[in-house]
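The lines below spell out each chain.
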Amino acid sequence: MTEKPLPKPLPATQETIKEAARLLAEGKLAAFPTETVYGLGADARSDEAVAAIFAAKQRPSFNPLIAHFAEVEAAQREVLFDHRAEKLAEAFWPGPLTLVLPRRADCGISLLCSAGLASQAVRLPSHPVARALLKETGFPLAAPSANASGRLSPTQAEHVSESLGASVAMILDGGPCQVGLESTVVELLEEEAHLLRPGAVTLADLERVIGPMKARIKGPVTAPGMLESHYAPKAPLRLNATELAPGEALLAFGPDPLPGARVAENLSESGDLLEAAAHLFAALHRLDRETERGIAVMPIPAEGLGLAINDRLARAAAPRPSPEGEADPE
Ligand code: TXA
Ligand code: MG
C-alpha cells in the first residue's frame, strides 16, 4: 500500500476556500476553522461523504453530526423551528450554539448525519472562513470536531493534520479558534428544552431567552449526544443471521445474500464497509416499514467502519437501555 502524503494546512484565502468547496462538492473531506474548534467537513446531503467522516475519525459508533449552514433560511428548509428555536437563533446565531430540531419530512440531509434519528443538529458558525466556505459550497456541511475519536478537539490547524492526516483532502488554516470549546448543544424536541452539552453560550444565557431549562449533563465532561437516542426499529433485529426464518426481512451484506427473502436490502453487494455505513440507516428504515416479523442481519466484519456498523446494529437489536450513564465517546 502506498502512503498518501499528509496534507499541510493551507492559509485560508479566497482561492483555497474555492478549492476546498470544489473538493467538498466531489464528496471529499475538508477541515476548516470555526469559532469553537476545527471541523471535519463533508457534504451533509451525501451518505457516502458523511460515511467517510466516520471512517476518518475511526469512530466506533455513529454519533449524530451537526449540519452547518451559512444562512438561517437554509437551515429552516431542513428542520422544523419552533418559537424557542427562532428566538435562540436570533439571539445567538451566527455563533457557538447548536440546536437539535425535528427533521422535516423532506429533509435533504443524510440520515447517517442524524444517526438514523428523527432529529438533526444544526448550527450557523460565525467564523469568517467557515461562513465563506459554506457560502461557496452552497450546501450544508456535516462537521464533527476534526480529531480522531478519543483525541482532544483541535483548536489549531496543526492539530488536525496530526490527528487525521491523510484521510482529509485539505485543511484550511484560519489560525487558532477563539472559543476553543465545542458549541453548546440544546435539544428542542419536547415541551421542555434540554441542554445536552455546555459551551460558550451558557445555561443562564439560554434561560434569559427561552426561560427555565433542564440540563442533562451528568458530570463535568459528559456530553450525552447519544442518550436515549439510538435508532431502534419497531421490528426485532436478529444479528449474524446465517439463514432466514419464515417472514423475516433481510439486511444483507456482500455478494451472497441469504436466499428466500420477500423483502431485502443489501448494504453493499461488493462488501464495501464505507458503502454499507452510508446505506445502513436508510436500509433499516425501509425494511422496518415493510415488515412486522423481524429483520435478519447478515454478519458484518468487525473491522474498520464495520465496528461502528456492528455497534449501531447491536444497539438497534437490544432492548432500549436506560438513558443514564452513557457518555459521548468523543
Ligand atoms: O463546536 C462544535 O459544535 C464543533 C464545530 C466543528 O462545529 N462540532 C462538534 O461536533 O463538536 P461533534 O460531532 O464533535 O459533537 C456534536 C455533538 C455530539 O455530542 C453529538 O452527540 C451531539 O452533538 N448531537 C448531534 N446531533 C444530535 C442529535 N440529533 N441529537 C442529540 N445530540 C446530537
Ligand atoms: Mg467532538
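On a predicted model such as this, the values are computed, not experimentally measured, just so you know.

Each value, and the rule that gives it
- Residues numbered from 1 in each chain as written.
- Chains lettered and ligands numbered in written order.
- Predicted model: local features only at pLDDT ≥ 70, side-chain atom pairs only at ≥ 80, totals over all residues.
- Heavy atoms only, no water.
- Buried < 20%, exposed > 50% of the residue type's maximum accessible area, 1.4 Å probe, protein only.
- Helix = DSSP H or I, 4+ residues; strand = E, 2+ residues; numbered from the N terminus.
- Pairing = 2+ DSSP bridges.
- 1 Å grid on protein atoms, 1.4 Å probe; cavity = no way out; pocket = protein on both sides within 12 Å on 5 of 7 lines; lining within 4 Å.
- Points joined across faces, edges and corners; volume = space filled by probe spheres on them.
- pLDDT = per-residue confidence, 0-100.
- Contact = heavy atoms within 4.5 Å.
- Axes fitted to C-alpha atoms, helices over the stretch in contact; angles between N-to-C directions.
- Parallel < 35°, antiparallel > 145°, perpendicular 65-115°, else oblique.
- Left-handed = near helix turned anticlockwise from the far one by under 90°.
- Nonpolar A, V, L, I, M, F, W, Y, C, P; charged D, E, K, R; others polar.
- Phe/Tyr/Trp six-rings, centres within 6.5 Å; stacked < 30°, edge-to-face > 60°.

## With respect to the pairing of strand 13 (residues 249–252)
Consideration 1: Going residue by residue along strand 13, you find Ala 249 and Leu 251 tucked away on one face and Leu 250 and Ala 252 tucked away on the opposite face as well.
Consideration 2: The sheet contact formed by strand 13 and strand 15 (residues 295–297) spans three bridges and is parallel. Bridge assignment links Leu 251 to a residue of strand 15, and that residue is Val 297.
Consideration 3: As judged from the three bridges shared by strand 13 and strand 14 (residues 264–266), these two strands associate in the parallel manner. Looking across to strand 14, one finds that Leu 251 is bridged to Glu 265.

## Quick look at the layout of surface pockets
Consideration 1: Considering only enclosed or pocket space, the second largest pocket measures out at about 210 Å³ in volume.
Consideration 2: Around the second largest pocket, the lining residues are Leu 29, Ala 52, Phe 54, Ala 55, Ala 56, Gln 58, Arg 59, Pro 60, Ser 167, Gly 304, Leu 305 and Leu 307.
Consideration 3: Contributions of two or more residues to the lining of the second largest pocket are made by helix 2 (47–57) and helix 9 (305–317).
Consideration 4: Sorting elements by how many residues they give to the lining of the second largest pocket places helix 2 first, with four residues.

## Focus: the confidence of the model for the protein chain
Consideration 1: In the predicted model, the protein chain carries a mean pLDDT of 88, and 90% of its residues have values of at least 70.
Consideration 2: Counting interchain partners and residues more than four positions distant, the pLDDT-below-50 stretch residues 321–330 has 24 contacts.

## A closer look at the sheet that holds strand 12 (residues 237–238)
Consideration 1: On the basis of which strands lie adjacent, the open sheet formed by four strands has the order 12-15-13-14 and parallel pairing. The strands lining the two open edges of the sheet, one partner per strand, are strand 12 and strand 14.
Consideration 2: Against the sheet, helix 8 (residues 273–290) touches strand 12, strand 13, strand 14 and strand 15, its axis set at about 170 degrees to strand 13.

## Quick notes on the sheet that holds strand 8 (residues 170–173)
Consideration 1: Taken together, the 11 strands give an open sheet; going across it, the order is 1-8-2-3-7-4-6-5-9-10-11, and neighbouring strands pair in mixed fashion. Since the sheet does not close on itself, it has two edges, and those belong to strand 1 (10–11) and strand 11 (214–215), each with one partner.
Consideration 2: Set on the sheet, helix 1 (residues 14–25) makes contact with strand 1, strand 2 (30–32), strand 3 (39–43), strand 7 (141–142) and strand 8; between it and strand 8 the angle comes to about 150 degrees.
Consideration 3: Across the sheet, helix 6 (residues 157–164) touches strand 2, strand 3 and strand 8, and the angle it forms with strand 8 is around 160 degrees.

## Points about the packing of helix 1 against helix 5 (residues 128–137)
Consideration 1: For the pair helix 1 and helix 5, interaxial distance at closest approach is 9 Å and the crossing angle is 50 degrees. By the angle between their directions, the pair helix 1 and helix 5 is classed as oblique. The element helix 1 and its partner helix 5 pack so that their crossing is right-handed. Taking contact as the criterion, the partners of Ile 17, Lys 18, Ala 20, Ala 21 and Leu 24 in helix 1 are, on helix 5, Val 129, Ala 132, Leu 133, Glu 136 and Thr 137.
Consideration 2: Grouping the amino acids of the contact of helix 1 with helix 5 by side-chain chemistry returns seven nonpolar, one polar and two charged.

## Focus on the packing of aromatic side chains
Consideration 1: Counted by the stated rule, this structure contains three aromatic pairs.
Consideration 2: Summarising the aromatic geometry, the rings of Phe 62 and Phe 281 are spaced 6.0 Å apart at their centres and angled 75 degrees between planes, so their arrangement reads as edge-to-face. Linking Phe 62 in the loop between helix 2 and strand 4 (66–68) with Phe 281 in helix 8, this pair joins segments that are 219 residues apart in sequence. Across the pair, Phe 281 and Phe 62 agree in class, each one buried.
Consideration 3: Each ring, one from Phe 81 and one from Trp 93, has its centre 6.0 Å from the other, and the planes form 75 degrees; the classification is edge-to-face. Remark: Trp 93 occurs in the loop between helix 4 (83–92) and strand 5 (97–102) and Phe 81 occurs in the loop between helix 3 (72–76) and helix 4; sequence separation between them is 12 residues.

## Details of the pairing of strand 9 (residues 184–187)
Consideration 1: Side chains Thr 184 and Val 186 project from strand 9 onto one buried face, and the interleaved Val 185 and Glu 187 project onto a second face that is buried too.
Consideration 2: In the sheet, strand 5 pairs with strand 9 via four bridges, with the strands oriented parallel. Bridging across to strand 9, Val 100 finds its partner in Glu 187.
Consideration 3: Relative to strand 10 (residues 194–197), strand 9 is paired through three bridges, and the arrangement is antiparallel. Bridge pairing in strand 10 links Val 186 to Leu 195.
Consideration 4: Turn length for the strand 9-strand 10 hairpin, with the two strands adjacent in sequence and antiparallel, is six residues.

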